[in-house]
Amino acid sequence: MTAWNASPLRRFARREWGPLFRTVRNALVRDKWRAIPMTIGAVCLTSVFQIVQNTSWGFQPVQNLGSVKAVDPLWLALLRTPLSLFVPALDLPVWGALAQILLVFGISEICIGWWRTLLIGYVATLAGTTYARIGLAAGHDHPFGLPVSDRIVNDTGPSAAVVGLAIYVCWRYRAYLTGALVILAMIGEVLVKDNLAGKEHLAAIAAVMAVCVVRAQWHPVRSRAALGQPPPP
């Protein structure tokens, strides 16, 4: 009975995660940490921001550099967005943000390249920032609206980028069930804890899924991902 159950599970695991696993394993075996230089830099930068913002003198400079709120003028929010990916949330343990960046950014950097990783990450982050402004304009009574109090809440930091990258990599490597589980988890987050961060995660997912649809229409993904080979640069 155990062998019968194990065989379908193995087939499912190979189909769902095999190409992704082979791509990541081969890159790490061949290049080790040199396979993810951008990710290591992102982890270091996030660590520095965390240390500095918890000092008596560093909180406000970090906020000025990378804190994005809906109350900010749009030009200022856009100016701060590049660094906002690396400013950890104040109300969450920093080790969680660092683990997310190391795992998801690292896998993405290996699978789709460092510049695509940053591009998709920024698309997801900007989608969340844009949604916050639209939601506040719609008002709390609208199904997709936000209360006025959210105008001074910090955006999600790296988490929107992490969610968006997870969806994009799952799509590129045909790990569709895993991508669906990520989406369901984010929907569950909003149902359990209806806050700005959760809704920004859903906006990030919607934006990245739109990118996937456009790319599938205009530049179909070849069989390279299915074979577990890294995409062309």
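Treat the numbers as computed from the prediction; the structure is a model and nothing was measured.

A.B. asks: Please give an account of empty space enclosed by the protein that cites residues and values.
C.D. replies: Considering all chains together, one arrives at one cavity of 30 Å³ or more under this definition. By volume, the largest cavity is sized at about 40 Å³. Elements represented by at least two residues in the lining of the largest cavity include exactly helix 4 (74-84) and helix 6 (114-138). Grouping the amino acids of the lining of the largest cavity by side-chain chemistry returns one nonpolar, six polar and one charged.

A.B. asks: Can you lay out the packing of aromatic side chains for me, pointing to particular residues and giving the numbers?
C.D. replies: Applying the stated criterion to the full structure yields two aromatic pairs. Consider the rings of Tyr168 and Trp171, whose centres lie 5.7 Å apart with planes at 50°: the pair is tilted. Residue Tyr168 and its partner Trp171 are both found in helix 7 (residues 158-172); the two are separated by three residues, about one turn of the helix. Each member of the pair, Tyr168 together with Trp171, is buried.

A.B. asks: Describe unusual backbone geometry, naming the residues involved and giving the relevant values.
C.D. replies: Backbone geometry places Lys32, a non-glycine residue, at a positive phi of 55°. Tracing the sequence through the fold places Lys32 in the loop between helix 1 (2-31) and helix 2 (37-53). The backbone phi angle of Arg174 is positive, close to 60°, even though this residue is not glycine. Structurally, Arg174 can be placed in the loop between helix 7 and helix 8 (176-192).

Cut-offs used in this document
Residues numbered from 1 in each chain as written. Predicted model: local features only at pLDDT ≥ 70, side-chain atom pairs only at ≥ 80, totals over all residues. Heavy atoms only, no water. 1 Å grid on protein atoms, 1.4 Å probe; cavity = no way out; pocket = protein on both sides within 12 Å on 5 of 7 lines; lining within 4 Å. Points joined across faces, edges and corners; volume = space filled by probe spheres on them. Helix = DSSP H or I, 4+ residues; strand = E, 2+ residues; numbered from the N terminus. Nonpolar A, V, L, I, M, F, W, Y, C, P; charged D, E, K, R; others polar. Phe/Tyr/Trp six-rings, centres within 6.5 Å; stacked < 30°, edge-to-face > 60°. Buried < 20%, exposed > 50% of the residue type's maximum accessible area, 1.4 Å probe, protein only.

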